[in-house]
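Here are the chains, one letter per residue:
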Amino acid sequence: MSYSNSIQSLWTEAKNYLELQKEYLKLDSAEKLSRLLSAIVTVAVCLTLGLVALFFFVIALAFWLAKLVGAAWSFTIMGGVMVLFIIIVFVVRKRWIVQPIARFVAGLLVGEDDEMEDEI
């Protein structure tokens, strides 16, 4: 085999390799984007349904509390409790919200390849 044929076949193989890597990158990106979007939609749906349920529980608790302290005070107490919950969530938002989201996205974008290789 001549020197020019070796270079030609090496160039052809390198081109094929780069094309395959490009296709792999497209497929990998599509998979990770679809997993990320499905997680976002799942969280949004669960959060919405959870907030609706929480609203009904708070209203029910306010009506129950109204029998003890009166309607105006019961709704005021429940409003205060909700403001307290908002403050607590705001204070610990990094631990409860930011860090889990960062771990999820980092695991999705970086750590997933190791698990995929173990399965193959």
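Fair warning: this is a prediction, and the values are worked out from it, not measured in the lab.

Let's talk about the overall build of the protein
Of regular secondary structure, the protein possesses three helices and zero strands. Its helices and strands in sequence order give the protein the pattern α-α-α, from N to C terminus. Seen along its three principal axes, the alpha-carbon backbone of the protein occupies a region of about 95 × 25 × 20 Å. With an accessible surface of roughly 10100 Å², the protein has 74% of that area assigned to carbon and sulfur atoms. If you average the places of the 10 positive and of the 12 negative side-chain charges in the protein, the two averages end up 17 Å apart.

Quick look at the environment of A30
On the secondary structure map, A30 appears in helix α1 (residues 3–69). You can call A30 partly exposed: its relative accessible area is 45%. C-alpha of A30 to C-alpha of G50: the two residues are 20 residues apart in sequence and 30 Å apart in space.

Side note on the confidence of the model for the protein
Counting all residues, the mean pLDDT for the protein is 88, and 91% of those residues have values of 70 or more. Element-level mean pLDDT values for the protein span from 76 in helix α3 (residues 93–119) up to 94 in helix α2 (residues 71–91).

Section: the packing of α1 against α2
A pair of packed helices is characterised by two quantities: the angle between their axes and the separation of those axes. It is at 7 Å that the axes of α1 and α2 come closest, and there the two elements cross at 140°. In this view, α1 runs oblique relative to α2, as classed from their interaxial angle. Taken as a pair, α1 and α2 cross one another with a handedness that is right-handed. For the pair α1 and α2, contact is made by L54, V58, I59, L61, A62, F63, L65, A66 and V69 and by A71, W73, S74, F75, I77, M78 and M82, respectively. When grouped by side-chain class, the residues that make up the contact of α1 with α2 number 15 nonpolar, one polar and no charged.

The rules behind these values
Residues numbered from 1 in each chain as written. Predicted model: local features only at pLDDT ≥ 70, side-chain atom pairs only at ≥ 80, totals over all residues. Heavy atoms only, no water. Helix = DSSP H or I, 4+ residues; strand = E, 2+ residues; numbered from the N terminus. Areas by Shrake-Rupley, 256 points an atom, 1.4 Å probe, with all protein chains shown as cover. Lys, Arg positive; Asp, Glu negative; His and termini not counted. Charge placed at Lys NZ, Arg CZ, Asp CG, Glu CD. Buried < 20%, exposed > 50% of the residue type's maximum accessible area, 1.4 Å probe, protein only. pLDDT = per-residue confidence, 0-100. Axes fitted to C-alpha atoms, helices over the stretch in contact; angles between N-to-C directions. Parallel < 35°, antiparallel > 145°, perpendicular 65-115°, else oblique. Left-handed = near helix turned anticlockwise from the far one by under 90°. Contact = heavy atoms within 4.5 Å. Nonpolar A, V, L, I, M, F, W, Y, C, P; charged D, E, K, R; others polar.

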